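Listed below, chain by chain, are the residues.
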Amino acid sequence: MTMKVSLTFPPSKVTFPLMTVLVRKYELEVNILHADVHLNKTGKLIVDLSGEKNKLDEALQFIEQQGINYHVFNGTLTWEEDKCVHCGACTSVCPSGALTISAPEYSLAFDNEKCLVCGLCIKACPVRVLHLDQREIEG
Amino acid sequence: MPVKTIDEINQKISEGKAIVVTAEEMAEIVQENGPKKSARMVDVVTTGTFSPMCSSGAFINFGHSAPPIRMTRVWLNDVMAYAGIAAVDAYIGATELSESRGMAYGGAHVIQDFIDGKDIQLYAESYGTDCYPRKSITTTINKNNVNQAYMFNPRNCYQNYPAGTNSTDKTIYTYMGTLLPRFGNVTYCTSGQLSPLLNDPQYRTIGIGTRVFLGGAQGYIAFEGTQHDPGQERMPNGTPVNLAGTLALIGDMKKMSSQYIRAAVYEKYGTTLFVGVGIPIPILDEDMAEKTGITDKDIYTTIVDKSGQTTFSQRVSYQELRSGSVTIQGRKVPTAPLSSMKKAREIAQELKQQIQAGEFLLTNPVEYLPNHQKRLNKLDIRGD
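Residues numbered from 1 in each chain as written. Chains lettered and ligands numbered in written order. Predicted model: local features only at pLDDT ≥ 70, side-chain atom pairs only at ≥ 80, totals over all residues. Heavy atoms only, no water.

Draft legend 1. The overall build of chain A, seen in detail. If you tally the helices and strands in chain A, you get three helices and nine strands. Counting from the amino terminus, helix and strand elements in chain A follow one another as β-α-β-β-α-β-β-β-β-α-β-β. Split into buried and exposed, the 139 residues of chain A put 42% on the buried side. Considering only contacts in chain A between residues 6 or more positions apart, those separated by 24 or more positions represent 65%. (Helix = DSSP H or I, 4+ residues; strand = E, 2+ residues; numbered from the N terminus. Buried < 20%, exposed > 50% of the residue type's maximum accessible area, 1.4 Å probe, protein only. Contact = heavy atoms within 4.5 Å.)

Below you can see the structure in the form of structure tokens.
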């Protein structure tokens, strides 16, 4: 199975080679979708983790033991298109290009396939037409 | 140089013969035919904008109860309205926040709910007087049971606006949206080539008394807007590269539509109101044809650091901003709009159709807007 996970590293853990451990010890396939990691600062990674269910569960336990916070997204982003004013504010924070607004129409377009379900757009939307339909497992 | 007067254009509108185009259509016409010929071809150019405009609100007269109350403090859906005027008059401002719901609901939402015809809870208090003995009142109001309800926006339609970015290591939440750390993005807010005051940059036809499309109703320019500052640096085509002109607008809120007025929340900043405005520009002569022929490549703004931590400043054209990215310090940075171009176009089209149908006539300004060099005053701090 595959799960989309957001990882928040405290500054002290930014140098920890977590991805290597996940691959070697838990035999997971890792696909980094978004990374914002800098030395001595809180870091954020959004990754797709694929592998056997029990290995994934063990890996999440391990991540938690390292003091790294995780969120598992198993929901989807919904867009109330009929209420949208197509201002484009959400596109300013979308890390994956799932939300775009471009010439010539300047209509907002949402590509579900590209969405990381990171949720940044939800609060950036001034008319509150983006929602997360999710059951989130927090670590 | 004069080609036609506003009265002559109105005559054509009444006869259904006026040639009306949007500012984007005009840009193509001018490019193809030049300003001189275009001035003879086109009578009216319509503009439009749909942007968050904080300096917006509405006066409402609630009518008198029996016994009457001289309201001193007023809440609408738990949002405080200013009541320091006559007995049952109040002003609800777009950015006032709910006492119970905070930033999730504000004056802007009260305005949108009112326009949508919803019932709004009114609670008012008073100290009671001999002529107004009642000391409190709880009731509901809506657009059918109040007397006047008119939007009066002290500052709308900023002629231009600086684009925002963030130099710091942390995400900042501003009225220019969410700005990502280390120059992670740039936001900008204008309808550019479709924007009212960028198509009449020296306020030759847009003045006090001008009839405008305001939130779906016909409104008027009441005065220069607050912070009107025509003395900003300008390009040779007359457009400013920074804030510059503003308009104070007034219009009947009962006739507005939430298609063109929408409440908004900017994360960790507060509430504001998307206001849809369209202004018709009469093509009096070659100069007005040339001015309305501009496109985003001719209009510039300044990218500034909204964190206030640096004096970073970079001039950029709206064509570059609209391309989706700009280069800052050698790095490609994504750009995003905050003003809806799609809605601005809808407004310019709607106004065009109303003029073509003879439902919307043009006006001579009663008075021109200040167009001389002046600078804004600063607020000195004289206390602790």
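Having seen the model, we can carry on.
Draft legend 2. Up close: the domain arrangement of chain A. All names here are of chain A. Here the domain parsing of chain A yields domain 1 (2–73) and domain 2 (76–134). Summarising the inter-unit geometry, the C-alpha centres of domain 1 and domain 2 are found 26 Å apart. Each partner contributes residues to the interface: domain 1 has five residues there, and domain 2 has six residues. Together, the buried faces of domain 1 and domain 2 total about 540 Å²; carbon and sulfur atoms form 67% of this surface. Across the domain 1-domain 2 interface, the total number found is one residue pair in polar contact (both at pLDDT 80 or more). Looking at side-chain class alone, the side of domain 1 that touches domain 2 contains three nonpolar, one polar and one charged residues. (Domains from an automatic or database assignment. Buried area = accessible area lost by both parts, 1.4 Å probe. Polar contact = N/O pair within 3.5 Å; in protein donor to acceptor, adjacent residues only side chain to side chain. Nonpolar A, V, L, I, M, F, W, Y, C, P; charged D, E, K, R; others polar.)

Draft legend 3. Representation of the nonpolar core within the structure. By size, the foremost hydrophobic cluster in this structure holds 113 residues, and its most contacted members are B:Phe62, B:Val74, B:Leu76 and B:Met253. Broken down by element, the residue count for this core peaks at six residues, all from helix H7 (residues 341–356) of chain B. Those residues in contact with B:Leu76 that sit more than four places away from it in its chain are B:Ile60, B:Phe62, B:Ala81, B:Ile92, B:Val110, B:Ile120, B:Gln121, B:Leu122 and B:Ile141. Core analysis: the second largest hydrophobic core is formed by 22 residues, A:Leu7, A:Val21, A:Ile63 and A:Val72 among them. (Core = buried A, V, L, I, M, F, W, Y, C linked by side-chain atoms within 4.5 Å.)

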